[in-house]
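Structure at a glance
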Amino acid sequence: MADHNLLSLESHILREEAAHPGSSGDFTWILSALSLAAKVIAAKVRRARIEDVLGTHGGTNVHGEAQQKLDVLANEVLMACLGDRPSLSVVASEEHEEPTILRLEGDGGKYCVIFDPLDGSSNLDVSVGVGTIFSIIRNDPGIPGAMETVCQPGRTQVAAGYILYGSSVVFVLTTGNGVDMFVLDQSIGAFILVKKGLSMPATGKTYSINEAYRSTFPSGYNAYLDWAHGRGYSSRYIGSMVADVHRTLLKGGVFIYPPTRKNPEGKLRLMYEANPMAMLIEQAGGKAVASSATNGDGVDSVQRILDIQPRTIHQRTSVILGSASEVEAVVQCL
C-alpha cells in the first residue's frame, strides 16, 4: 500500500530530513523556495501568450544573447523566492554577470544556488517544453569571494534538478541518493511524487543531436553518427535541453552537444546546465562526459563532467550524457 500513498515534494523532503537527526532544516527551506518558484513560473509559462510576455525583452544577457521576456520574469521570480532563505549565502544566475552575495557564512549562509531560470526560452513562441535547471553546493567560508566560492567542480554538488514546463510540470531532483520525480497537480497546487529511485534504461537506440551542424563537428562525432545510422538508431532532437535530457532520462539513449569549429570548448554552460544534468544522469545509472577539441577537428580528451574544475562561472563545455553503454559508444568513436 505504501507505493500508492500520496506524497508531496515538501513531505518527501521533510521525511528525508527526519532520516538525518542532525539536520537543521536549512536545506529543506531552499528546496521549498525552488518548489514555490517553479509553480509561479509554470503559471506564467502557461499564460505567456494571453499575458503577452512572449518574444524578446529588448536587452541581452551576459552571453550576448537576446533576453526573452520570460527569461527576465523567471529570473526575478527565482531571486524573489530564494532571497529571504536564511541559509543561502550566494545565488548565481545565468542571466547575471556576477554571483550575488546574500549573506556571509557567519550570518548563516551555508549554501549556494546556481540556476538557469528558463532554459530553451527561445522555443516558448511555439509552445515547446522549456525548463529551470538548478544546482546546490555548500558555501565554503575558506574560499574568498563569491565567484571563487561557486566555481567548485560538479562532484561537490549536494543537490541538483530541473523543472520541465511541458504538457505537465515535472520536478526532477537528486540529493545524492538517487533520482526522484514529481508532477505538479494543478488542482491542489502541489508536486506529487510519481517515481522514487528513477533508473534510466541501460541502453537505447536513440541519439539527440543537432545534425544541421554536422560539417562543423570534430571527425569522431561524424564517425559516431555513421555508426549509429548503420545500426538503425533513431534521431530525437527537441532543441530544449531540459526536454531532451528528460526524454533521455526516461527512455534511454544519448544526448550530445559537441564542440564545433566556432565553439571548440562547446556551447552549454558547465555550471548552469552540464553539472546539474550530469549529477542527475549519474545518479540514475547513466554516464556524463565532455570532450575538448582545441583545433576544431580532432578530439583532444574526454573527461567526466563532474570532475571538471571550473575557471569561471560562465564557462562553456561540450556534453555527452545518457545511458552508460550509449555514451561509451560515442566515446569509442572519438
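Structure: above.
Everything in this summary refers to the structure shown in the same document. What you see is a predicted model, and the numbers here were worked out from it, not measured in a lab.

Quick word on the overall build of the protein chain
A count of helical and extended segments in the protein chain gives 8 helices and 18 strands. Computed over C-alpha atoms, the radius of gyration of the protein chain comes to 19 Å, within 12% of the 20 Å expected from 2.2 N^0.38 for 334 residues, which places it in the range of a compact globule. Considering only C-alpha atoms, the protein chain reaches an extent of 50 × 50 × 45 Å along its principal axes. The proportion of buried residues among the 334 residues of the protein chain is 54%. A total of about 14200 Å² of accessible surface is found on the protein chain, and carbon and sulfur atoms cover 51% of it. Averaged over its 28 positive side-chain charges, the protein chain has a centre that lies 6 Å from the centre of its 35 negative ones.

Description of the state of the cysteines
Applying the stated criterion to the full structure yields 0 disulfides. Looking at the unpaired Cys81, the closest cysteine sulfur is the one in Cys112, lying at 18 Å. Here Cys112 is not cross-linked by a disulfide; its sulfur's nearest cysteine counterpart is in Cys151, at 11 Å.

Describing the sheet that holds strand 12 (residues 234-235)
Whether parallel or antiparallel, the strands of a sheet pair through hydrogen bonds between backbone atoms. Read from one edge to the other, the open sheet built from 6 strands follows the order 12-11-13-18-15-16, with strand pairing classed as mixed. A strand with exactly one partner marks an edge of an open sheet, and here the two such strands are strand 12 and strand 16 (301-304). The strands touched by helix 6 (residues 241-251) within the sheet are strand 11 (206-208), strand 13 (254-257) and strand 18 (319-322), with strand 13 carrying the most contacts at an inclination of about 150°. Its contacts with the sheet place helix 7 (residues 270-283) against strand 15 (287-292), strand 16 and strand 18, and it is angled at close to 25° to strand 18.

Description of the environment of Val130
Within the secondary structure, Val130 is located in strand 6 (residues 130-138). The buried category is assigned to Val130, whose relative accessible area is 0%. Measuring from C-alpha to C-alpha, the distance between Val130 and Val242 comes to 6.4 Å, with 112 residues separating the pair along the chain. For Val130, the contacting residues outside a window of four places in its chain are Leu118, Asp119, Gly120, Ser121, Leu124, Ile163, Leu164, Tyr165 and Ser240.

Description of the packing of helix 6 against helix 7
For the pair helix 6 and helix 7, interaxial distance at closest approach is 11 Å and the crossing angle is 15°. Judged on the interaxial angle alone, helix 7 and helix 6 are roughly parallel. The interaxial crossing formed by helix 6 with helix 7 has right-handed handedness. For the pair helix 6 and helix 7, contact is made by Met241, Val242, Val245 and Leu249 and by Glu273, Met277 and Ile281, respectively. When its residues are assigned to classes, the contact of helix 6 with helix 7 shows 6 nonpolar, no polar and 1 charged.

Comments concerning the sheet that holds strand 9 (residues 179-185)
Pairing is mixed in the open sheet, where 8 strands are placed in the order 4-3-5-6-7-8-9-10. In this open sheet, the two strands that pair with only one neighbour each are strand 4 (100-101) and strand 10 (190-195). Bridging between strand 8 (residues 169-174) and strand 9 involves 5 bridges; their strand directions are antiparallel. Bridging from a neighbouring strand, Val170 pairs with Val183 of strand 9. Strands in contact with helix 2 (residues 26-46) are strand 3 (88-93), strand 5 (111-119), strand 6, strand 7 (159-165), strand 8, strand 9 and strand 10; relative to strand 6, the strand with the most contacts, it is inclined by about 165°.

Here's the deal with the nonpolar core
Ranked by size, the top nonpolar core spans 43 residues in total, and within it Leu34, Leu82, Phe134, Ile136, Tyr165 and Phe171 carry the most contacts. Formed by 32 residues, the second largest nonpolar core is a distinct cluster that contains Leu164, Val172, Leu198 and Met241.

As for helix 5 (residues 219-230)
Over its 12 residues, helix 5 runs 17 Å from end to end, which matches the ideal 16 Å to within 8%, given 1.5 Å per residue. Turning to helix 5, its buried residues number three or more, namely Gly220, Tyr221, Asn222, Tyr224, Leu225 and Ala228. Against strand 11, strand 13, strand 15, strand 18 and helix 8 (324-333) lie the buried residues of helix 5. Positive backbone phi, at 75°, marks Gly232, one or two positions downstream of helix 5.

Conventions adopted
- Residues numbered from 1 in each chain as written.
- Predicted model: local features only at pLDDT ≥ 70, side-chain atom pairs only at ≥ 80, totals over all residues.
- Heavy atoms only, no water.
- Helix = DSSP H or I, 4+ residues; strand = E, 2+ residues; numbered from the N terminus.
- Rg over C-alpha atoms; globule rule 2.2 N^0.38 Å.
- Buried < 20%, exposed > 50% of the residue type's maximum accessible area, 1.4 Å probe, protein only.
- Areas by Shrake-Rupley, 256 points an atom, 1.4 Å probe, with all protein chains shown as cover.
- Lys, Arg positive; Asp, Glu negative; His and termini not counted.
- Charge placed at Lys NZ, Arg CZ, Asp CG, Glu CD.
- Disulfide = S-S within 2.5 Å.
- Pairing = 2+ DSSP bridges.
- Contact = heavy atoms within 4.5 Å.
- Axes fitted to C-alpha atoms, helices over the stretch in contact; angles between N-to-C directions.
- Parallel < 35°, antiparallel > 145°, perpendicular 65-115°, else oblique.
- Left-handed = near helix turned anticlockwise from the far one by under 90°.
- Nonpolar A, V, L, I, M, F, W, Y, C, P; charged D, E, K, R; others polar.
- Core = buried A, V, L, I, M, F, W, Y, C linked by side-chain atoms within 4.5 Å.
- Expected span 1.5 Å × (residues − 1).

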